[in-house]
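# Descriptive analysis of the structure
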Amino acid sequence: MGTHGSFPDRNDWFERGGQHVWLPYTQMKTALPPLPVVATEGVRLTLADGRRLVDGVASWWTACHGYNHPHIREKVAEQMARMPHVMFGGLAHEPAYTLASRLAAMLPGDLNRVFFCDSGSVSVEIAMKMATQYWLNRGVPGRTKLAAFRGGYHGDTIATMAVCDPEEGMHSLFAGLLPEHLILDLPVDEESTARFERDLAAHAHTLSAILVEPLVQGAGGMLFHDARVLRTLRAAADRHGLLLIFDEIFTGFGRTGTMFACEAAGVVPDIITLSKALTGGTMALAATVASDRVFQAFWSDNAQAALMHGPTYMANPLACAAANASLDLFESEPRLAQVAALSRGLAVGLEPCRDLPGVMDVRTLGAIGVVELERIADMNGLKRRLIDRGVWVRPFGRIVYLTPSYTMDADDLAFLTHAVVDAVTEHQRATA
Ligand SMILES: *Cc1c(COP(=O)(O)O)cnc(C)c1O
C-alpha cells in the first residue's frame, strides 16, 4: 500500500516502518522483534524505552573505540563541511590518498597498493578478481578457481558465498547459481595437512589463490586455528606458485591482539582485505590491498590489463576521514594494551561457563571471547535473558560470543561476562 504526503508525526516510526523493512538473517515470523535504539555512547546502547544495554558485540565487530568517539565525530564533521563526496574516477582527494599511504605503511611486507570499496563482501570479490586477472595478465589461462576452507565466511554476495563454508554459503541450496571452488579442511594436524597437500596438488593448475581468514574464522563460528596453519598455507602457495589472500575483515585492527592477525604468524599474504573496524564502526568502507608483485601484473601498456572495477561510492571522503581518525586513535591511545587486558578479563569472566552442562568449550583470543554449547535449544529465550540482564549479545549457531569495544573498562566487562554466565546457566537449566 503506497502512502502519500509527509509524516509530521514520526513517533510511530518503529511500528510503521516495521511493516516495510526486511531484516538481515532473520525469520521475521518467529524471531524476537529488533530493539529500537535511539542513541549510543561509549559501550552503551540507549533503547527507545530508556533502557541502556552494555554492548558485547560492538556492532558486528566494528566499533573498536566505542560509540561516538569525539575525535572521529570531529574529523567526519570537518570533512562533511568541506566535501562529503566526489567520484574517485579521474578525481583524487586527500582523505583517500592519506589513508592509502597509512595502510601501506602499517601493513607488513610490500602490501602497498590499496583499492577502496564500500563493503567487506565486495572487497573479497575484488581480491578474487585481482587474483584471477593476475594470471590472465601473465598469459596463463584456466586458473579460475580459488581454494578456500570449511568454516570460512567471506561475505553474502554470490561470488563470496561460493567461497564460504558450503553450509554457511548454502552451496547446495544455490547450486547452479554459485561457481564451484575448491573447499578444503584447514591443515591443522598431520592428517588434515596430508589431505590438504594432496588435494591442492591435484587442483593447483586450476587455482589462482588460496583464501583464508587468518587465526579466526569469525562468522563461521569463531573457530580459532594456530599461526602454524598460516605458515603451512604460505609454504603451499609458494610451492604451487599460487597467491595467498588473507581476509582480515574481522581480524584486522587489533581484534586478535596484534594490529593484523598475519603479524602473529610472521606471514605476509599477497592480498589482504580490510573492513569492519576500518572506520571505527562509523561508516561503510573496505579496502583490498595488494602486494607489489600483484600490482605489477596489471601495470602495462595494454589497456585490457587494467583492473576493471570501480564502485560509485568507492573511497568516500567521509568514510576515509573516519578511517584516518580511527588510525589516529590507534596511535594516540593504548588500543593493543587494552585488547590484552580485555583478553585476560574475558578469559577469567567466561571461565565459570566451562563447568556448565552442555558447554563444549570456552576460548579467548585477543578481544574475542567464545562460549560454545552443544546446541542452543531456545535461541529466543537465551536472547531475552541476555537483554533482561542489561547486555546486547547476539548468539548464533552454537555459540555465545563477546567482541567488545577495546575501550570497555573492567567494570563493564565484568558486568558483561557475568550476564553471559548467568544467562547461559539459566538457559542450560531451563532446556536440560
Ligand atoms: C563481515 C565479513 C565479511 C563481509 O563483510 P560485509 O561488509 O558484511 O560485506 C567478509 N569476510 C569476513 C571475514 C567478515 O567477517
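Scroll up for the structure.
Below you will find a few notes about this structure. Predicted, not measured: the structure shown is a model, and the values here were computed from it. (Residues numbered from 1 in each chain as written. Predicted model: local features only at pLDDT ≥ 70, side-chain atom pairs only at ≥ 80, totals over all residues. Heavy atoms only, no water.)

It is worth spelling out the pattern of salt bridges at this point. As enumerated under the stated definition, the model contains 23 salt bridges in all. A salt bridge links Arg-102 to Glu-331; the shortest N-O distance between them is 3.3 Å. Separated by 229 residues along the polypeptide, Arg-102 in helix α4 (residues 94–106) and Glu-331 in helix α11 (residues 317–332) bring together distant segments of the chain. What makes Glu-331 exposed here is its relative accessible area of 64%. Here Arg-239 and Glu-197 are joined by a salt bridge, their closest N and O atoms 2.9 Å apart. With a gap of 42 residues between them, Arg-239 in helix α8 (residues 227–240) and Glu-197 in helix α7 (residues 190–203) connect regions that are remote in the sequence. (Salt bridge = Lys/Arg side-chain N within 4 Å of Asp/Glu carboxyl O. Helix = DSSP H or I, 4+ residues; strand = E, 2+ residues; numbered from the N terminus. Buried < 20%, exposed > 50% of the residue type's maximum accessible area, 1.4 Å probe, protein only.)

Moving on: the site of the ligand. Looking at the ligand, the residues that line it are Trp-61, Ser-119, Gly-120, Ser-121, Tyr-153, His-154, Gly-155, Glu-213, Asp-247, Ile-249, Phe-250 and Lys-276. One nitrogen or oxygen atom from the side chain of Ser-121 is found 2.6 Å from an oxygen atom belonging to the ligand. The side chain of Lys-276 places a nitrogen or oxygen atom 2.7 Å from an oxygen atom of the ligand. For the ligand, whose free accessible area comes to 390 Å², the fraction covered by protein is 84%. A per-class count over the shell around the ligand returns four nonpolar, five polar and three charged. (Near = heavy atom within 4 Å. Polar contact = N/O pair within 3.5 Å; in protein donor to acceptor, adjacent residues only side chain to side chain. Areas by Shrake-Rupley, 256 points an atom, 1.4 Å probe, with all protein chains shown as cover. Nonpolar A, V, L, I, M, F, W, Y, C, P; charged D, E, K, R; others polar.)

Taken together, the buried positions of helix α13 (residues 379–388) are Gly-381, Leu-382, Leu-386 and Ile-387. In this fold, the buried residues of α13 make contact with β3 (52–55), β15 (391–392), β16 (399–402) and α14 (410–431). Just past α13, the residue Gly-390 takes up positive phi, approximately 85 degrees. (Contact = heavy atoms within 4.5 Å.)

Below, the discussion takes up the nonpolar core. Core analysis: the largest hydrophobic core is formed by 117 residues, its most contacted members being Leu-103, Phe-116, Leu-200, Ile-210, Met-222, Phe-253 and Val-420. Among the elements that line this core, the one with the most residues is helix α5 (residues 120–137), at eight residues. Residues from two domains meet in this core; each of domain 1 (11–65 + 334–431) and domain 2 (70–332) gives at least three. By size, the runner-up hydrophobic cluster in this structure holds six residues, among which are Ile-72, Val-76, Leu-318 and Ala-322. (Core = buried A, V, L, I, M, F, W, Y, C linked by side-chain atoms within 4.5 Å. Domains from an automatic or database assignment.)

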